[in-house]
Amino acid sequence: MIDIRFLRENPDVVRENIRKKFQDEKLPLVDEVIALDSARRAAIAEVESLKAARNKLSKANGPLYGRLKKCADDAERAEIQAEIDKNNAAVKADDERRAALDAQVAENDARIREIMYTIPNIIDPSVPIGPDDSCNVEVERFGKPIVPDFEVPHHVDIMARFDGIDKESAARVAGMGFYYLLGDIARLHEAVLAYARDFMIDRKGFTYVIPPFMMHGDVVKGVMSQTEMDAMMYKIEGEDLYLIGTSEHSMIGRFIDQILPESQMPLTLTSYSPCFRKEVGSHGLEERGVYRIHQFEKQEMIVVCRPEESMDWYEKLWRNSVELFRDFEIPVRQLECCSGDLADLKVKSCDIEAWSPRQQKYFEVCSCSNLGDAQARRLNIRIRGEDGKTYLAHTLNNTCVAPPRMLIAFLENHLQKDGSVTIPKCLQPYMGGKEVLVPKH
């Protein structure tokens, strides 16, 4: 959500940004906002003028009432009363006009806010321009992709060799898009989360948080677009509560309507949560595997900072993901998201993609985003500087790990020809000292 003053003063910049996002259908909204904003400000100016006129009329009536009280002449009393009635009629007319103008301002405010929620945030100049994810740009690779001399099975088949997954029972219990993880695979799932948690706390100095797993609708609308909300969020029937699709939303929502001391900046937080997603849209659920599902768990990174710090933190966050996956001995690459692939609130975003030996290509495991002041503007999250003035914070987020999707990359990259799976040294303490997982069949 951009500042309406920016749109008012730079409409051509906003229009060009919309074109860069390949959302030309939104171009008329700029003119609509300008017209509504102009009408709104004119109405407010008229309201102020009417208030001044009302005060003048009310003030004029004071002496008239005094004269009326003292006057004994009937003709003069009638003349004074007529003037008082005239003033009162003018006051009433002014009040009625003010009420109509106030209603108009309220209506304009609501429509302006609705539109401003729709107009995309101004993207960073470094963002590559393209209509969709096919135009995303590879920036850098980390680690040498593995090309095994044996066939790598589907990840569900790998898990099944360890008696580590049961999707059939989950389908009976909850439907498609759910799973049971068992034994060594379940333990590996938790080991990855535990290591990621400790990595962020001990190595990166972030504060560990377990957030609420539900949130109110005003928070949801503050952290994401309506399109994302409709495609992702599960609503609790009969209550103003939604299940979180990622802990970032609940974590940023923590600061709604807060003024944060500048001395506390930046806030660097890492959170654990289960995540629930409807997965409505072009991607949909993955029918067989656990890549795109209704329920998963995630360790997240969140930063709330001063505007001048946000791009530095963006670089640090995605590099944290690379470092973590290199600890797991999984080759990854950074992929810069193009303009058409950015969600409307994002200024800049990139994916960290892991290598899939089975598919011989990379796939997304982390997503790092700088949202500028968009979420802070929606949620009214401000920072108070040393001079006492307040300004909007910047917010950023990045996936640390999101198993079981991350397990796909782990299992494929550590699978041996005999069907065993090696455990890198960093995870062995979290796996009871095991160096290798041996399949049961």
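A. Quick look at the pattern of salt bridges. For the structure on display, the rule yields 25 salt bridges. Among the ionic pairs, Arg203 bridges to Glu323, the shortest N-O distance being 2.9 Å. Of this pair, Arg203 sits in helix 7 (residues 183-203) while Glu323 sits in helix 11 (residues 310-327), and the two are 120 residues apart along the sequence. Glu323 sits in the partly exposed class, given a relative accessible area of 29%. Glu300 serves as the salt-bridge partner of Lys298, at 3.2 Å between the closest nitrogen and oxygen. Residue Lys298 is classed as buried on the basis of its relative accessible area of 6%. Overall, Glu300 belongs to the buried group, its relative accessible area being 2%. Beyond isolated ion pairs, a larger network of salt bridges with shared partners links Asp3, Arg5, Asp373 and Arg377.

B. Quick peek at the environment of Gly385. The topology assignment puts Gly385 in the loop between strand 14 (382-384) and strand 15 (390-392). A sequence separation of 122 residues divides Gly385 from Ser263, and the C-alpha atoms of the two residues are 8.0 Å apart.

C. The arrangement of the nonpolar core in detail. By size, the foremost hydrophobic cluster in this structure holds 60 residues, and its most contacted members are Phe328, Ile330, Val401 and Leu427. Going through the elements one at a time, helix 5 (155-161), helix 7, strand 10 (295-305), helix 11, strand 12 (348-356), strand 13 (361-370), strand 16 (394-401) and helix 13 (405-414) are the ones with two or more residues in this core. Ignoring anything within four residues of it in the chain, the contact list for Phe328 reads Val192, Tyr195, Val401, Met406, Phe410, His414, Pro424, Cys426 and Leu427. Residues Leu260, Ala376, Leu392 and Ala393 belong to the second largest nonpolar core, which totals 26 residues.

D. Examining unusual backbone geometry more closely. The step from Met265 to Pro266 runs through a cis peptide bond, and the omega angle for that step is 0°. Mapped onto the elements, Pro266 comes out in the loop between strand 8 (259-261) and strand 9 (267-276). Cis geometry is found at the peptide bond from Pro403 to Pro404, where omega equals 10°. Among the secondary structure elements, Pro404 is positioned in the loop between strand 16 and helix 13. One non-glycine residue, Phe22, adopts positive backbone phi at about 60°. As for its position among the elements, Phe22 is in the loop between helix 2 (11-20) and helix 3 (27-70). Positive phi, close to 55°, is recorded for Gln360, a residue that is not glycine. Tracing the chain through its elements places Gln360 in the loop between strand 12 and strand 13.

E. Spotlight on the packing of helix 7 against helix 13. Running from N to C, helix 7 and helix 13 cross one another at 110°; their axes reach a closest spacing of 11 Å. With respect to their mutual orientation, helix 7 and helix 13 come out roughly perpendicular. Taking contact as the criterion, the partners of Ile185, Leu188, His189 and Val192 in helix 7 are, on helix 13, Met406, Leu407, Phe410 and Leu411. A per-class count over the contact of helix 7 with helix 13 returns seven nonpolar, one polar and no charged.

F. Seen up close, the pairing of strand 13. Burial analysis of strand 13 places eight of its 10 residues in the buried class, the great majority of the element. Sheet topology note: the strand 12/strand 13 ladder contains nine bridges and is antiparallel. The partner of Trp355 across the bridge, within strand 13, is Tyr362. Relative to strand 16, strand 13 is paired through three bridges, and the arrangement is antiparallel. Bridge pairing in strand 16 links Cys368 to Asn398.

G. Main features of helix 7. Look at helix 7: 29 Å from first C-alpha to last across 21 residues, which is about the 30 Å you get at 1.5 Å a residue. One or two residues past the end of helix 7 sits Gly205, with phi positive at roughly 75°.

Rules behind the numbers
- Residues numbered from 1 in each chain as written.
- Predicted model: local features only at pLDDT ≥ 70, side-chain atom pairs only at ≥ 80, totals over all residues.
- Heavy atoms only, no water.
- Salt bridge = Lys/Arg side-chain N within 4 Å of Asp/Glu carboxyl O.
- Helix = DSSP H or I, 4+ residues; strand = E, 2+ residues; numbered from the N terminus.
- Buried < 20%, exposed > 50% of the residue type's maximum accessible area, 1.4 Å probe, protein only.
- Core = buried A, V, L, I, M, F, W, Y, C linked by side-chain atoms within 4.5 Å.
- Contact = heavy atoms within 4.5 Å.
- Axes fitted to C-alpha atoms, helices over the stretch in contact; angles between N-to-C directions.
- Parallel < 35°, antiparallel > 145°, perpendicular 65-115°, else oblique.
- Nonpolar A, V, L, I, M, F, W, Y, C, P; charged D, E, K, R; others polar.
- Pairing = 2+ DSSP bridges.
- Expected span 1.5 Å × (residues − 1).

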